[in-house]
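Observations on the model geometry
Listed below, chain by chain, are the residues.
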Amino acid sequence: MELNVENVRVYHKKSLGIAGASLSANEGEIIGFIGADGAGKSSLIHAIAGVIPFEGDVTFNGLTYHSPKEAEPLKPSIGLMPQGIGLVLYDLLTVDEHLRFFANIHNIKQDVTFKAYKLRLLKMAGLDAFQDRQAGKLSGGMMQKLSLICTLLHRPKLLLLDEPTTGVDPLSRIELWEILDEIRKSEGTISIISTAYMQEAAKMDKILLFDEQEIIAQGTSSELLDSVRAMSYVEGIKTQEPCIRTLHATYCLSPLEAEHTEPSLEALFFVNALQKGKKMPLIEITNKEKTVELPDVVMEAKGLTKVFGSFTANENVDMTLHKGEILGLLGANGAGKTTFIKMLLGLYPIDGGELTLLGKSIQTQEDRQALKASIGYVSQHFALYNDMSVEENLLYFASMRGIAMDVAKSRISRYALELGFDEYLNAMPHELPLGINQRFSLASALLHEPVILFLDEPTSGVDAIARAKFWELLKALKERWEISILITTHYMSEAEFCDRVVLLRQGKKIADHTIAEFYAEHPKAQSFEEIFLEYYR
Amino acid sequence: MKLGVVKAYVLKELTEIIRSRLIIMVYLMPTMVLVLFGYGIRMEVTGARTLIIDNDQSHYSQLLVSKFEHSKYFDVTIEKRGEAKALDEIHKAKNDILIIIPESFEKRLLHGQTTQIGVFLDAAFPTRGSTMESYVKGVVLDAAGQMLERLAGNAPTISINQRTLFNQAMRDEDAIVPGLIGLVMLIAPAILAALLIVKEKERGTIFNFYASPVSKSEFIAAKLIPVFLLHSINIFILFLWATYLFEVPFRGSFLLYWLTSELYLVISLSIGMLISIITRTQIVAVVLTVIVTIIPGFLYSGILMPISSMVGVSRYEAHIFPVMYYNHILYDVFLVGEGLASSKTVTYIFILALYAFSMLTLGSFLLKKELR
C-alpha cells in the first residue's frame, strides 16, 4: 500500500492553489507539510482527499484518480481532518453523538470490537469523562482531539490532517501524537500532516517544505537541517552581506567569519526567504510622542476569581506586571488564560479578589473608563471590517479611541513603515496574509500609545518568519516605550523570549518565575517545552 | 442508498433542530403567517361610518335613511350640525361617507321630477372607496325601486334574486385562508431545507459529506426527510386553524388535501435545496428563499386576484409557479368539493408531481460532492 502524487495542480477559481506537486509515501509513514499560510498545503491535502477538482494523478492502493468523482471508491479508506478548530464538529451534538454519527456515515457495524476501539480512542483523547458534553462547550484542544478521533473511527488507511495541532496546547499535542503513532503501527496508515510547530515536524519521517504554491524542498528532518547548517550563525552578527536577524540566530547565504549555531527547521524558511531575495524590514520603533511617569508595578491582581455557573474558570490568581516587562501566560487549552485577560480588561466582571491597574484600585466601571486610554488589547480572534481597506480600518479604530484625525493619520503611516505593512495599507482585509494581519492588529492596539498591552494568542497559525518578526517588534516596543506586555501563546519556544512566565492549570496559578529561574529549577531540561510538561505531567 | 447512513444523518438533523430551538420557528411561523394575514387582509367593507344630512325630513327621505340604517355595510349617524361640519369630519378621517338629502326631495319625486342626492366619499384607498361607492349606489337603487313601486302603484320593476355559490356568505376568510396555506407551505419548508445544507457549508461540517463515502442521494435524502416529516405536521395544524379558527368550510376529500399537500411540500423542499446549492451563507439563503417564494406565492396564489382574470405575461408567469396549481386544489377541497371528478384537478396533480420530480432531479444533478 503506497501513495503516489504526480504533478498535481489545484486552482481555486482563478488563483493557483498548488502547482507541480509530487510526492510518494510508503505504508506507515508520516509525511509533514510545513510552510507559510497560503503556501499551498491545504490545496494539496484537499486534492489527495478527493474533495476538490485537480489536474495530475494521485495513486493510492493501486487506484489512480484525477477527480473527486474517481476518488469516490477510496473514500471509505481515507480520513480527512480539514483546517480549523472544531471545523467538522456540530456544536449542539455531544461527544458520544459525534462518535455514533461518524460511525454511521461510514457504515461501521457497531459491535463489541468497535465499541472497544471507540473506548480506546476516547481514553487516548482524554474525552471519556466528557461523553455527554456538547461539542460547542469543549475547549479548543478538546475539539481538535474529538475531530481527530472522529476521523480515525473508520480506521482510515490514508490519514490527511490539516494543521490538527494549531491552537492546541503542548499537552494535548503530545496526546494527539501518541494516538497517531499507535494508529500507524497497528493499521499501517499513511499520514499526511501539516503543522506550524517545527518540533512536531522534526518527528515526521519526511518533511515537505511549501512556499508560494510550490514544494521547494523535501527530505528527512536531518537532511533538511544539514542543508541550512552552513548558513546559520549565532545572533547579533554585524555584516554588510544580506542577512536575516532573529532573536535566536542570524542567517546569511554567503560565508561569514562567525560562529555557527545549530539550526532548527525554522531556519529553512529564513534561508528560503534569503534565496528568493526577500528583504526583511528592519524593525525600528521611534519613541512615543509623549511620555508619562509610570509606577513600577503597572498591574497587580490579588486573588482574582471568575466563576461560570458551577465551573470555576479562575481561582485565586495573583499576578503582578512590572514596568517594561514581557510576561508570558501559559497553560493548556481551557486553563483560564483568556478569561483572566478578559477580567483584567473588564470584559468579564470580577467575581472575587482585587485588581490594581497603574496604581489605581479598580472598583467601578468609571475607574476602568479612566484607564482605557492606557491599555491596548489584541484578542484571539482579531477581526477587521471586510469592506474597508486596512488604512480605513485603522482610522476607524483611532476615531473610536477619540484620536484626532491628523494625529491618527501620521501615526498610522509611521506604524505602517515601522511594523512593515506599508505596502498593504490600501489592501482589503481578505487579501492579507495572516502574518501581516497580526502586525496590523498590533498597530491598532498601539494607536493610542498605551502603556500596557494584553495580547491573547497573537501568533497562533502565523508562519515562522512572521512570528520571529512579531517578537522582534515586541522587544523593540518594550525597550523604546517601556511598555508592559502580558501575552499568551502555545509556542513554547516563544516563552523563552518572555522576561517572566506564569503557568496556569485548571484556573489556578501553579508557577511564576523568570526564565532563568525555571531553567535553574529544572537543570536537565533542554527546552522550555520540557519544563512546561514537567508541570503538567 | 444505505439506510443506516440516512438514518444517522436524519437523527442528527432532528437533534440539532430541537436543540437549536429552530423547532419553534418550524411550528410558529406558518401559524403566525396564517393568523396575521387571515385577520389582516380585508377586502370587503362593513360598518362604513356614514353621516346623513336629511334636509327634507319627509316620508320618502326617512325611507331612504332607514335603508342605510338597516344595512350592515353602513354605520349611520344623523348629522344635524350642517354640511361644513360634516365635510370637516371626513377630512379628519372620522367618517367615511356623507350623504345629503336635499330639501325638496319628496316634493320633486311626487311631481315626477328627477331628484339628486349628494354623496361624498373618502377614497384615499381607491379599492375601499369604490366598494363603498357601489354599496351606496346599491342602497339608493334599491330604495328608488321601492319608491317607484309605490308611486306608480305596483308597476313592475326588476328585482334581483341572486345566489352566490361556494362562498355563500361572501366571507373574506373563506377566500383568503386557503390561499394562505398555499403561501405558507411554499415558504416555510423551503427556508428550513435551504438552511440545513447551507449551515454545513458555512460551518465547514460539509467536509464530513465531501470526505466520507456518503453518496449524493443519501445526503439529499438525509437533508430533506427531516424537513418533510416536521412540516407534514403543519399540513394538519394549518387545516385545523382554517376550519376551526377561521371557520372556513371544508367540502372536499381530506385525503386529497393531505396527499396533494405532501406533494407540494416536496416541491417546496426542492426549491430550498436548489437555493442551498448556489448560496454559501445562511443569511443569503434565507433572503433568497423568501424572495423567490413569497412574491409568486402571494401574487400568483389567487389571494389578491384570480388567475382567470390575469392577462398577458402575468397569466403565463402564474402558470410557471407551482402555487397556482396547488391553490386550485386547495380552493376546491375547501369551498367546492368536486375533487377528482374535475379533470382540471387531476391534470394539476399530475403537473405538481412532474414539478416535484424534475426539481429533485435537477437538485441532485447540480449538487457537487467537491469544494468550489
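Source: prediction; values computed, not measured.

The next thing to look at is the confidence of the model for chain B. The pLDDT averaged across chain B works out to 87; a share of 96% of its residues lies at or above 70. Model confidence for the complex is summarised by a pTM of 0.80, with the ipTM given as 0.79.

Next up on the list: the pairing of strand E3 (residues 97-101) of chain B. All names here are of chain B. Along E3, five of the five residues are buried, which leaves the element largely enclosed by surrounding structure. Of the two faces of E3, the one carrying Ile97, Ile99 and Ile101 and the one carrying Leu98 and Ile100 are both buried. Here five bridges tie strand E1 (residues 48-54) to E3, and the two strands are oriented parallel to one another. Within E3, the residue paired with Thr50 across the bridge is Ile97. Bridge count for E3 against strand E4 (residues 118-121) is four bridges, and the pairing is antiparallel. Looking across to E4, one finds that Leu98 is bridged to Phe120.

Here Gly86 of chain A shows up in the loop between strand E6 (78-81) and helix H3 (95-105). Expressed as a C-alpha distance, the spacing of Gly86 of chain A and Gln380 of chain A, which sit 294 residues apart in the sequence, is 16 Å. In contact with Gly86 of chain A, other than residues within four places in its own chain, are Met143, Gln144 and Ser147 of chain A together with Arg203 of chain B.

Our focus in this paragraph is a positive patch on the surface. On the surface, a cluster of positive charge is contributed by Lys13 and Lys69 of chain A together with Arg280, Lys368 and Arg372 of chain B. With respect to the element layout, Lys13 of chain A can be found in the loop between strand E1 (2-12) and strand E2 (15-26). Given a relative accessible area of 71%, Lys13 of chain A falls into the exposed group.

This next bit is on the packing of helix H6 (residues 170-187) of chain A against helix H18 (residues 528-536) of chain A. Residue and element names in this part refer to chain A. With their axes 10 Å apart at the nearest point, H6 and H18 run at an angle of 90 degrees to one another. Looking at the two axes, H6 sits roughly perpendicular to H18. Contact with H6, carried on its side by Pro170, Leu171, Arg173 and Ile174, involves Glu529, Phe532, Leu533 and Tyr536 of H18 and no other residues of that element.

All names here are of chain A. Ordered by their spatial adjacency, six strands build an open sheet running E6-E7-E8-E3-E9-E10, and the pairing between neighbours is mixed. The sheet is open, and its two edges are formed by E6 and strand E10 (214-219), each paired on a single side. Across this sheet, the average inter-strand angle for adjacent strands is 15 degrees, counted without regard to direction. Sheet topology note: the E6/strand E7 (residues 158-162) ladder contains four bridges and is parallel. Considered in E7, the bridge of Gly79 is made with Leu159. On top of the sheet, helix H1 (residues 41-49) reaches strand E3 (30-35), E6, E7, strand E8 (190-194), strand E9 (206-211) and E10; it is set at about 155 degrees to E7, its chief contact.

Thresholds applied
Residues numbered from 1 in each chain as written. Chains lettered and ligands numbered in written order. Predicted model: local features only at pLDDT ≥ 70, side-chain atom pairs only at ≥ 80, totals over all residues. Heavy atoms only, no water. pLDDT = per-residue confidence, 0-100. Buried < 20%, exposed > 50% of the residue type's maximum accessible area, 1.4 Å probe, protein only. Helix = DSSP H or I, 4+ residues; strand = E, 2+ residues; numbered from the N terminus. Pairing = 2+ DSSP bridges. Contact = heavy atoms within 4.5 Å. Patch = residues over 30% accessible without salt bridge, like charges linked within 9 Å, V, L, I, M, F, W, Y side chains within 5 Å. Areas by Shrake-Rupley, 256 points an atom, 1.4 Å probe, with all protein chains shown as cover. Salt bridge = Lys/Arg side-chain N within 4 Å of Asp/Glu carboxyl O. Lys, Arg positive; Asp, Glu negative; His and termini not counted. Charge placed at Lys NZ, Arg CZ, Asp CG, Glu CD. Axes fitted to C-alpha atoms, helices over the stretch in contact; angles between N-to-C directions. Parallel < 35°, antiparallel > 145°, perpendicular 65-115°, else oblique.

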